[in-house]
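Remarks on the overall topology
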Amino acid sequence: MKKNRLREKNVLFRNQWFFLLVVEIGLAVVTGIVNPRFFTASNLMNILEQVAVLGVVASGMTLLIISGEIDISVGANIGLSSCVMAMMMKAMGSSFLPVLVGIFLAIGNSFLVGVTSRGFKAPSFITSLAFISVFQGIALAITKGSFQTIYGQFETIGMTKVARILPLSFIISIGAYCIVHFLLTQTKLGRRIYSVGSNPQAAYLSGISVSRTKLTAFFLNGLFVGVATMVLLSRIGAAQPSTGSGIELRAIGAVVIGGTPLSGGKGRIIGTLFGVFLMGIISNTLNMLRVNPYFQEVTFGLLIIASLAVSAFSSYGRNR
Amino acid sequence: MDIIRGLRNRGIGIIYISHYLEEIFEIGDRVTILKDGASMGTYRVDEVTVEEVVRKMVGRDASAFFSRRPVPLGEVWFEVKNLTRRGLVEEVSFAVRKGEIFGLGGLVGSGRSEVVGLIFGTMPPDRGEIWLGGKRLVIRSPREAIRQGIALIPEDRRKLAMLLGRDLVENTALVHNDVFRGPILGRREETVLTYEIIQKLAVAAQSESQLVEELSGGNQQKVVIGRWLLDEYQVYIFDEPTRGVDIGAKERIYELMVELAERGKSIIMISSSMPELLSMSDRIGVMRHGRMVDIVESRKVTEEDLIRAFIGV
């Protein structure tokens, strides 16, 4: 169809991530003018490093939200998994097995949220809400509330800089984005995720197992949480039950800001990528401008509302 | 009924809407007959007979009927025996030949969609058998039904068929990709296939990457039907195929059904439209209260006969 190309150009401007990119470039320019230190290599790399862990979590969350589900326990999941990883590293001295166990634990936790949701026909928002307490409680119990330090033991992932400037943690997060991109655009699983998010009944009548698809999304979400935990632990060198707490809001926020609606069935990972970057840039900008750090929380909240407004207005023309 | 009479006696006006004429004649004072959105008259219940009311419910001029070419019928290929699901469907049996369009008629609630649900695997029957090409089928899910060669175009496309927010390619290639292809998508193949379907069914769309909700009702229905033309099935079930569809698309859909019949497929069509049922079906199975009360040749039956069979007078 010859008209294809005409459509493609219009589609670019309608995409939320394009707006995001423009906003981010604008912000960067403004900040750079006010404080030229913004544009130094070390600062830019700093931003990338800051959002690496968030990027991995947000990638898994993107899959889950497109499938029509959600997991607000990812922060508590990170808390529990990081404590288990750290305690095992302290006890064993090595890191391979503890990381493996930690990742499997994270997968299992997320899968549990999904299974209880499907099994009891309860919204995953509720089951994940319940599991926040479960994960936190178990973490507190096994650590007896104390810090688990492993300084120097597991630094490689967190500290390595490829070619001496690019943080390895950032490269891992890029890997996460790429895997999700591939899944969503080139695989049957990705199509199933979009289909069950868009219309589970239609998906069922077309031969798709809605439960299997959603549980697979939970599984993958857990896998990404596990990898994020590994990276986070490597950067901080210590773990406590509250490690990672609050990341769920920022991850969901990044996904929504990136143009993926919570109702499911739509969305692209590039949106999440720019959503995560925006958070990194804003945080860095506010620091550079010496704004009260508590106001960063306010800013994130306002950002999410602003992005909801943008998507509401862009579909205003279409759906009215 | 007593409650309604009680309300009436207290001076409250009642509008009672029903297909069941015996109820209307039991408690009604006056009756207005509606057909195709127009009133056919209002009469006092004691001044008109059931037959006269039925006659006013039917009767359309010839242009409402689609004239389809006949298709030679082959052997019996799809058979349903004693299908039962408590409270919904009772001992339903019928057979469909190759090349035959079997209409399923009846009032809303007569069990037609439930029979289809039992055949397509959305609910398990308490009793009964399904046979295809001489083989007994065990179907526990829509996916198994699809694998065995049964296609279903559901009734309410917005609720049950369309992936809103997804484009025409995803909507068309849905079943083909999921049931008949491997884990990695063939993006080029599916785009080509979608384009071919759009051409074949004359779907009015600007491009395959358009969102499905941007199309008109008739074109949406064509896309949903097109989904089932990418692979070879043996039985095609159409549940209200032309509901909310404009006249041009309607005719294209009828044409398609006849083409499928000519290729030897067995077609089951649920329809609440008399002209559609009578023009398109070879035989019509009449359902009432969950039972198949009669199977008639569409050529040998009038609209009035059909309505009376639906209502039970």
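Residues numbered from 1 in each chain as written. Chains lettered and ligands numbered in written order. Predicted model: local features only at pLDDT ≥ 70, side-chain atom pairs only at ≥ 80, totals over all residues.

**Brief notes about the nonpolar core**
Leu54, Val57, Ala228 and Ala251 of chain A together with Ile237 and Ile267 of chain B are the most contacted members of the largest nonpolar core, which has 148 residues in total. In this structure valine 57 of chain A touches Val74, Phe224, Val225, Ala228, Ile247 and Ala251 of chain A, once residues within four positions along its chain are discounted. (Core = buried A, V, L, I, M, F, W, Y, C linked by C-beta atoms within 7 Å. Buried ≥ 20, exposed ≤ 12 C-beta atoms within 10 Å, placed from the backbone. Contact = placed C-beta atoms within 7 Å.)

**Description of the interface of chain A and chain B**
Of the residues lining the interface, 23 residues belong to chain A; the matching set on chain B comes to 27 residues. Every element with two or more residues in the side of chain A that touches chain B is listed here: α1 (4–14), α10 (188–198) and α11 (200–205) of chain A. It is α10 of chain A that contributes the most residues to the side of chain A that touches chain B, seven residues altogether. For the side of chain A that touches chain B, the residue count by class is seven nonpolar, 10 polar and six charged. (Helix = DSSP H or I, 4+ residues; strand = E, 2+ residues; numbered from the N terminus. Nonpolar A, V, L, I, M, F, W, Y, C, P; charged D, E, K, R; others polar.)

**A short note on the packing of helix α5 (residues 74–92) of chain A against helix α7 (residues 124–143) of chain A**
Residue and element names in this part refer to chain A. At a closest axis distance of 8 Å, the pairing of α5 and α7 adopts a crossing angle of 25°. Taken together, the axes of α5 and α7 lie roughly parallel to each other. As for the relative orientation of α5 and α7, their crossing is left-handed in sense. Taken together, the residues of α7 that come into contact with α5 (itself represented by Ala76, Asn77, Gly79, Leu80, Cys83 and Met87) are Ile132, Phe135, Gln136, Ile138, Ala139, Ile142 and Thr143. Across the contact of α5 with α7, the residue classes tally to nine nonpolar, four polar and no charged. (Axes fitted to C-alpha atoms, helices over the stretch in contact; angles between N-to-C directions. Parallel < 35°, antiparallel > 145°, perpendicular 65-115°, else oblique. Left-handed = near helix turned anticlockwise from the far one by under 90°.)

**Comments concerning the sheet that holds strand β10 (residues 266–270) of chain B**
Residue and element names in this part refer to chain B. As summarised here, the arrangement of the six strands in space is β8-β9-β10-β5-β11-β12, forming an open sheet in which the pairing is mixed. A strand with exactly one partner marks an edge of an open sheet, and here the two such strands are β8 (150–153) and β12 (291–297). Averaged over all pairs of adjacent strands, the angle between strand axes in this sheet comes to 20°, irrespective of strand direction. The sheet contact formed by strand β5 (residues 101–106) and β10 spans four bridges and is parallel. Its bridge partner being in β10, isoleucine 101 is matched across the sheet by isoleucine 267. On top of the sheet, helix α4 (residues 112–120) reaches β5, β8, β9 (235–239), β10 and β11 (283–288); it is set at about 145° to β9, its chief contact. (Pairing = 2+ DSSP bridges.)

**Looking at the confidence of the model for chain B**
In this model, chain B carries a mean pLDDT of 93, and residues with pLDDT of at least 70 account for 99%. The complex model carries a pTM of 0.90, and its ipTM stands at 0.89. (pLDDT = per-residue confidence, 0-100.)

**Side note on the domain arrangement of chain B**
Residues and elements named next belong to chain B. Partitioning chain B into structural domains gives domain 1 (2–57) and domain 2 (76–311). Taking only C-alpha atoms into account, the centre of domain 1 sits 35 Å from that of domain 2. Counting residues at the interface gives six residues for domain 1 and five residues for domain 2. Among the elements that take part in the side of domain 1 that touches domain 2, helix α3 (residues 50–57) stands out by supplying three residues, more than any other. When the residues that make up the side of domain 1 that touches domain 2 are grouped by side-chain class, the tally is four nonpolar, one polar and one charged. (Domains from an automatic or database assignment.)

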